[in-house]
Amino acid sequence: MSAAPLVATWQLAGCAPGRVPSPAELDGAALDWHAASVPGTVAQALDLPLAGHPDLDAQDWWYRGRFTAPSGTFRLRFRGLATVAEVWLDGRPLLRSDNAFRSATADVDLGGEHELCIGFRALGPLLAARRPRPRWKTALVEAQHLRWHRTPLVGRIPGWTPRVAPVGPWRAITVEPLAEPGLDVVRVRAWVEAGVARVGVDVRVRGAHDTAWTLHVGDARFPLPVDADGTIAAVVPVPDAPRWWPHTAGEPVLVPVRLEGTSAFGAVQFELGAVGFRELTVDRDGGAVRLRINGRAHFCRGAVLTVEDVRTLDGPPGAARRTVERARALGADMLRVGGTMVWASDELLAACDALGVLLWHDLMLANMDYPVGDAVFRAELEAELDEQLARLGAHAAVAVVCGGSEIEQQAAMLGLPRSDWSGPFFQHEAPALVARSAPGAVWFPSTPTGGVLPFHTREGLTHYYGVGAYLRPLTDVRRAEVRFTPECLGFANVPDDGALVGMAEGGALVPHHPAWKAGVPRDNTAGWDFEDVRDHYLRERFGVDPVALRSRDVPRYLALSRVVTGELMLRTFAEWRRPGSPTGGALVWFWRDLRPGAGWGVVDHRGEPKAAAWYLRRAWARRAVLLTDEGLDGVAVHVHNETATPLTGRVQVELLRTHGVRVDHAEVEVEVAPWSAQTLSVEAMLGHFADPAYAYRFGPPRHDVLVARLLVDGVWVHDDVLYAESGVLPMQPPTVLAAHTTPDEAGAVVLTLSSTAFLQAVNIAAAGWAPDDDHLDLAPGCPREVRFVADGPPRPAVNASVDNWYVCTGRA
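Cut-offs used in this document
- Residues numbered from 1 in each chain as written.
- Predicted model: local features only at pLDDT ≥ 70, side-chain atom pairs only at ≥ 80, totals over all residues.
- Heavy atoms only, no water.
- Helix = DSSP H or I, 4+ residues; strand = E, 2+ residues; numbered from the N terminus.
- Rg over C-alpha atoms; globule rule 2.2 N^0.38 Å.
- Buried < 20%, exposed > 50% of the residue type's maximum accessible area, 1.4 Å probe, protein only.
- Contact = heavy atoms within 4.5 Å.
- Lys, Arg positive; Asp, Glu negative; His and termini not counted.
- Charge placed at Lys NZ, Arg CZ, Asp CG, Glu CD.
- Salt bridge = Lys/Arg side-chain N within 4 Å of Asp/Glu carboxyl O.
- Patch = residues over 30% accessible without salt bridge, like charges linked within 9 Å, V, L, I, M, F, W, Y side chains within 5 Å.
- Areas by Shrake-Rupley, 256 points an atom, 1.4 Å probe, with all protein chains shown as cover.
- Expected span 1.5 Å × (residues − 1).
- Bend = angle between axes of the 7 residues up to and from the residue.
- Core = buried A, V, L, I, M, F, W, Y, C linked by side-chain atoms within 4.5 Å.
- Polar contact = N/O pair within 3.5 Å; in protein donor to acceptor, adjacent residues only side chain to side chain.
- 1 Å grid on protein atoms, 1.4 Å probe; cavity = no way out; pocket = protein on both sides within 12 Å on 5 of 7 lines; lining within 4 Å.
- Points joined across faces, edges and corners; volume = space filled by probe spheres on them.
- Nonpolar A, V, L, I, M, F, W, Y, C, P; charged D, E, K, R; others polar.

### Observations regarding the overall build of the chain
And step 1. Secondary structure summary: the chain contains 14 helices and 41 strands in total.
And step 2. In terms of C-alpha radius of gyration, the chain reaches 28 Å, essentially the compact-globule figure of 28 Å for 812 residues.
And step 3. Looking at the chain as a whole, 58% of its 812 residues are labelled buried.
And step 4. For the chain, the share of sequence-separated contacts (at least 6 apart) that also reach a separation of at least 24 residues comes to 68%.
And step 5. One finds the centroid of the 79 positive side-chain charges in the chain at a distance of 2 Å from the centroid of its 96 negative side-chain charges.

Below, the structure is given as structure tokens:
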């Protein structure tokens, strides 16, 4: 029998710090008890709102669980106690934990009825205690002494996370019988080095008898010796092992690993999971950062994860898998776990492995001057890393392990000398721990890092907010020559209307409403927020005053706001992916909102895509045609083929007036080799001067939009659009035909859209159905099909509305 979740009936109560020193005083303390669940948190059990409740760090919190167990000796494992926790079993002290990121274990004798009590001590008084001063202070958090405590920062960052401090047994409590076969230590890692696939195992088998056990890796078998205490430690080469790839580059092949032998319990076998073999190196010449996977250069695209649910952190079972599925469907092949969040769950790691999505994983360190020179803190941190890196090392998806977020940047921006930006722990000791437990991963000491200053763009890692918080024009994307950006393009992305329902508690939700502004992220000490950033680009892109627009026409303001951040992301990625670009990858800041509203997420707090996500889907497509403005050199058409087969097709370009008149057009055949891209010139295709970028400006532009389209076997594959001028397009009432086919074999419905005029950002809504595209540009004469899949049973009738911000254009 393996470890299983402890089944208990749980209660929760809070009290003043120190009022109840042990469980013996609980019944006499007249506390207000509430039903609770484990894993879980105080905020979850009390169903607290995301704002307007007392500080959870200001109280002690008691969990009390009653359970029944058979007679025997068992191992209790507490996989996550946030944060300073004392545990009692049947009134007897069992253990203490000061680290929310470490497991705590105790071997106990059980039999019959038992009571488990966990006292979570108030963190607030501990944060107020006198401590040595840091070399710098960060505006990220208010309590600078959080740097001394191993606890999540999410929920304690006032500028952009709800004030919901994670307190409680946030990961599972498990129970394992020690009188049955089991492994007391499990470390499995797989990697490829110099073309040779290897598996490393370090386990200790309870009661092992045989002098040789057998390790099965797929069909390969390896006899392994066992020490007298049951320890098995070996590294074996695996010949002809299949390679694991991210889904955008191949198949994520996994191989099962199993250990067999004889113990005091007889013949036993242990499933050690499934591993993937991939070789990972980094091109660093000239300040470059480009991952090379199994020998092939790879452009990474994706986003920075947040926790699944700010109250529970991990969310319900299945939530992490759904997140990875959604990210993959949108074209992402890398996700990042940032240092302000929590270590990845087993479910997230397994989903990334199975679905071929790379994982960049920070240590849980961010912005602060951590006291790694303090012996007690250092020992606790190293024990945490030993446990967590052992988990990461078993997973092919884990490509990068990083020392933390914005630590070097914070020190450098505050004017500290280079010697204070980092230190031996991040430069030598932590990477040694990574090499031991996760040898297949690449190490970076911090992000950003490299260059004259760690946040400069032309060397190493940078957090690129030139287009974004720093209000730079799109031309800055090429000028910056970004090498790799583990976070970028943070915008207050407006969700669809369904995500806004109920935010104003019955009143009208308008962009100046306090509930709306609560969902807009900001830097803690800044006099502006990220809605101001979006409004800047709205004014630049559409030539309208955002304040005046939202005063007169809120729906139109929201619609234009959705479009502008999506367009900025698409245009930026088109630059980063073009042939000759120095950029090796980019991860958008954030994947998912932590609360309702216009947060950084490209999906909303429910996990549903915003308009920005659909623009990114087009920017990240494996077979794509993407346009870049080359100024006086016109417009370049970049045809991408990130597949294993040659792309043979046709590229069409059209210069259009929005009412449907074609000003100019051309069409050429292309053949693009696997894993490559090809660049065409619009004017070379046309055969004459057409000023497609409207750079020369000899009078008014002849066209409103430039459309490039990729067709294979006459079927639409991808398209992209550039606009001749900023400003809202001139529109005439269009005629849109919308129809749906009969359900296909998978039960999906296909909606066909066509228009006699050019339509920008067509939004399709069908309650109960999920589309495979949305917020799309629709050119005249080129019908588009959108496939809908029911969200779940029962399948509702299809009732789709098709519109943009000018006019409702049809129903199907």
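Additional details are given in the paragraphs that follow.
### Quick notes on the pattern of salt bridges
And step 1. A full pass over the atoms with the stated rule returns 59 salt bridges.
And step 2. Between glutamate 642 and arginine 301 there is a salt bridge, with its nearest N and O atoms 2.8 Å apart. You can see glutamate 642 sitting in the loop between β28 (635-641) and β29 (647-656) and its partner arginine 301 sitting in strand β19 (residues 300-305), a full 341 residues away along the chain.
And step 3. Taking relative accessible area as the criterion, arginine 301 reaches 0% and is therefore assigned buried.
And step 4. Put simply, arginine 709 and glutamate 654 hold a salt bridge, and the shortest N to O gap is 3.0 Å. With arginine 709 in strand β32 (residues 705-712) and glutamate 654 in strand β29, this residue pair connects regions lying 55 residues apart in the sequence. Accessibility assignment for this pair places arginine 709 and glutamate 654 in one class, buried.
And step 5. One network of salt bridges, in which partners are shared, links Asp60, Glu86, Arg96, Asp98 and Arg121.

### A few points about a nonpolar patch on the surface
And step 1. Side chains of Leu632, Phe689, Tyr696 and Phe698 sit close together on the surface and give an oily, nonpolar patch of about 460 Å² of accessible area.
And step 2. By the element assignment, tyrosine 696 lies in the loop between α14 (682-686) and β32.
And step 3. Residue classification places tyrosine 696 among the partly exposed positions, given a relative accessible area of 34%.

### Re helix α7 (residues 424-437)
And step 1. The first and last C-alpha atoms of α7 sit 19 Å apart over 14 residues, in line with the 20 Å expected at 1.5 Å per residue.
And step 2. Bending of α7 peaks at approximately 30° at the position of alanine 430, with proline proline 431 no more than four residues after it.
And step 3. Of the positions making up α7, those classed as buried are Phe425, Phe426, Ala430, Pro431, Val434 and Ser437.
And step 4. In the core, the buried residues of α7 are packed alongside β9 (183-193), α5 (375-392), β22 (398-402), α6 (407-413) and β23 (442-444).

### Remarks on unusual backbone geometry
A negative phi angle characterises most non-glycine residues, just as the trans form characterises most peptide bonds.
And step 1. In this chain, alanine 82 is followed by threonine 83 through a cis amide linkage whose omega measures 5°.
And step 2. Across the junction of threonine 447 and proline 448, the peptide omega takes the value 0°, indicating a cis bond.
And step 3. Counting through the fold element by element, proline 448 comes out in the loop between β23 and β24 (461-464).
And step 4. Its identity is not glycine, yet glutamate 406 carries a phi of approximately 60°, on the positive side.
And step 5. Residue position: glutamate 406 is located in the loop between β22 and α6.
And step 6. By relative accessible area, which is 15% here, glutamate 406 ends up buried.

### A few points about the nonpolar core
And step 1. In this structure, Phe78, Ile118, Phe573 and Trp576 are the most contacted members of the largest nonpolar core, which totals 176 residues.
And step 2. Per-element accounting of this core gives the leading share, 12 residues, to helix α12 (residues 554-577).
And step 3. Look past the residues within four positions of tryptophan 576 in its chain and what remains in contact with it is Phe299, Tyr464, Val477, Val482, Thr485, Cys488, Leu489, Ser581, Thr583 and Ala586.
And step 4. By size, the runner-up hydrophobic cluster in this structure holds 30 residues, among which are Val192, Ala208, Val217 and Val236.

### Points about the side chain of arginine 147
And step 1. Mapped onto the fold, arginine 147 is located in the loop between α2 (123-127) and β8 (173-177).
And step 2. Of the buried charged residues, arginine 147 lacks a salt bridge, with aspartate 369 as the closest side chain of opposite charge at 4.1 Å.
And step 3. Here proline 132 takes part through its backbone oxygen, which lies 2.8 Å from a polar atom of the side chain of arginine 147.
And step 4. For arginine 147, the contacting residues outside a window of four places in its chain are Pro132, Arg133, Pro134, Met368, Asp369, Tyr370, Pro371 and Phe377.

### Focus on empty space enclosed by the protein
And step 1. Evaluated as defined, the whole model comprises 6 cavities of 30 Å³ or more.
And step 2. Taken as a whole, the largest cavity holds about 160 Å³ of empty space.
And step 3. Thr306, Val307, Glu308, Val342 and Leu348 are, among the 15 residues lining the largest cavity, the residues nearest its centre.
And step 4. Counted by class, the lining of the largest cavity contains 10 nonpolar, 2 polar and 3 charged residues.
And step 5. Computed from the structure, the second largest cavity encloses a volume of approximately 100 Å³.
And step 6. Every residue lining the second largest cavity is listed: Trp160, Pro162, Ala518, Gly519, Val520, Pro521, Phe590, Asp593, Leu594, Arg595, Gly599 and Trp600.
And step 7. Partitioned by chemical class, the residues of the lining of the second largest cavity number 8 nonpolar, 2 polar and 2 charged.

### A few points about the environment of threonine 151
And step 1. Take threonine 151: it is sitting in the loop between α2 and β8.
And step 2. Along the backbone, threonine 151 and alanine 430 are 279 residues apart, and their C-alpha atoms lie at a distance of 19 Å.
And step 3. Excluding residues that lie within four positions of it along the chain, threonine 151 makes contacts with Thr83, Ala100, Phe101, Leu123, Leu146 and Arg156.

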